Amino acid sequence: MIKKQVIAGDTFPIVYKHKPDGELSDLPEGYDYMIGLHQEGSTSVTTFSYQNGDIDNPDTGIYRWEISHEMSKNLKGNIIVEMVIYSRDASFVKHCSEPIMLEVIPSFMNDQLDIE
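Owing to the predicted nature of the structure, the values given are computational and were not obtained by experimental measurement.

**Observations concerning the overall build of the chain**
A tally of regular secondary structure across the chain gives 1 helix and 9 strands. Sequence-ordered secondary structure for the chain, helices as α and strands as β, is β-β-β-β-β-β-α-β-β-β. With respect to the three principal axes, the spread of C-alpha positions in the chain is 45 × 30 × 25 Å. In the chain, which comprises 116 residues, the share counted as buried stands at 33%.

In structure tokens:
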């Protein structure tokens, strides 16, 4: 498992490079890329989908999702980030081989920010 420390309130991207045959390529038509976040030890999952417009495709084979300040400042403890690619009829489902664990460091400075 990939481990990364983040500070609650930071904005940061989760980037996936789609390389089914070793070269970057976009998802086939009718496929979706989904990211799920859940607290370690919890079954509650928040998901974000490429087909729903939550995840950007800024370049061939690159899928990027930005964690906002509002979302990040509410994260606590260890958060598991999992990714899956699947076809609409579920005849193809491929989980990414290595989930990411975000170790969230609390920050009390978020309350001091004057953001409108």
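**With respect to the pairing of strand β7 (residues 77-87)**
As defined by bridge partners, strand β3 (residues 31-39) adjoins β7 across 9 bridges and the pair is classed as antiparallel. Across the sheet, residue Gly36 finds its bridge partner in β7, namely Glu82. Bridging between β7 and strand β9 (residues 100-105) involves 5 bridges; their strand directions are antiparallel. Looking across to β9, one finds that Ile79 is bridged to Leu102. Across 3 bridges, β7 lies against strand β8 (residues 93-95) in antiparallel orientation.

**With respect to unusual backbone geometry**
Residues other than glycine seldom take positive phi values, yet Ala90 does so here, at roughly 60 degrees. Within the element layout of this structure, Ala90 appears in the loop between β7 and β8.

**Notes on the pattern of salt bridges**
Under the criterion given, the structure shown has 2 salt bridges. As a salt-bridge pair, Arg64 and Glu66 come within 2.9 Å of each other at their nearest N and O atoms. Across the pair Glu70 and Lys73 runs a salt bridge, and its minimum N-O distance is 3.3 Å. Classification of Lys73 as partly exposed rests on a relative accessible area of 30%.

**What about the side chain of Ser87?**
Position of Ser87 relative to the elements: it lies in strand β7. Relative accessible area serves as the criterion here: at 5%, Ser87 is assigned to the buried category. Each residue touching Ser87, except ones within four places of it in the same chain, is listed here: Gly30, Tyr31 and Phe92.

What counts, and where the lines are drawn
The written sequence of each chain sets the order in which its residues are numbered from 1. Thresholds applied to this predicted model are a pLDDT of at least 70 for local features of residues and 80 or more for the giving and counting of side-chain atom pairs; totals over whole chains, interfaces and linings are not thresholded and use all residues. Think of the side-chain values as coming from all heavy atoms in the structure, minus any hydrogens and water. Labels follow the DSSP assignment, with helices taken as runs of H or I lasting at least four residues and strands as runs of E lasting at least two, numbered in each case from the N terminus. Accessibility here uses a 1.4 Å probe with only protein chains present; expressed as a share of the type maximum, an area under 20% marks a residue as buried, one over 50% as exposed, and anything in between as partly exposed. What makes two strands pair is DSSP finding at least two bridges between them. What counts as a salt bridge is simple: a side-chain nitrogen of Lys or Arg found within 4 Å of a carboxyl oxygen of Asp or Glu. Working rule for contacts: check all heavy atoms of both residues, and any pair within 4.5 Å makes them a contact.

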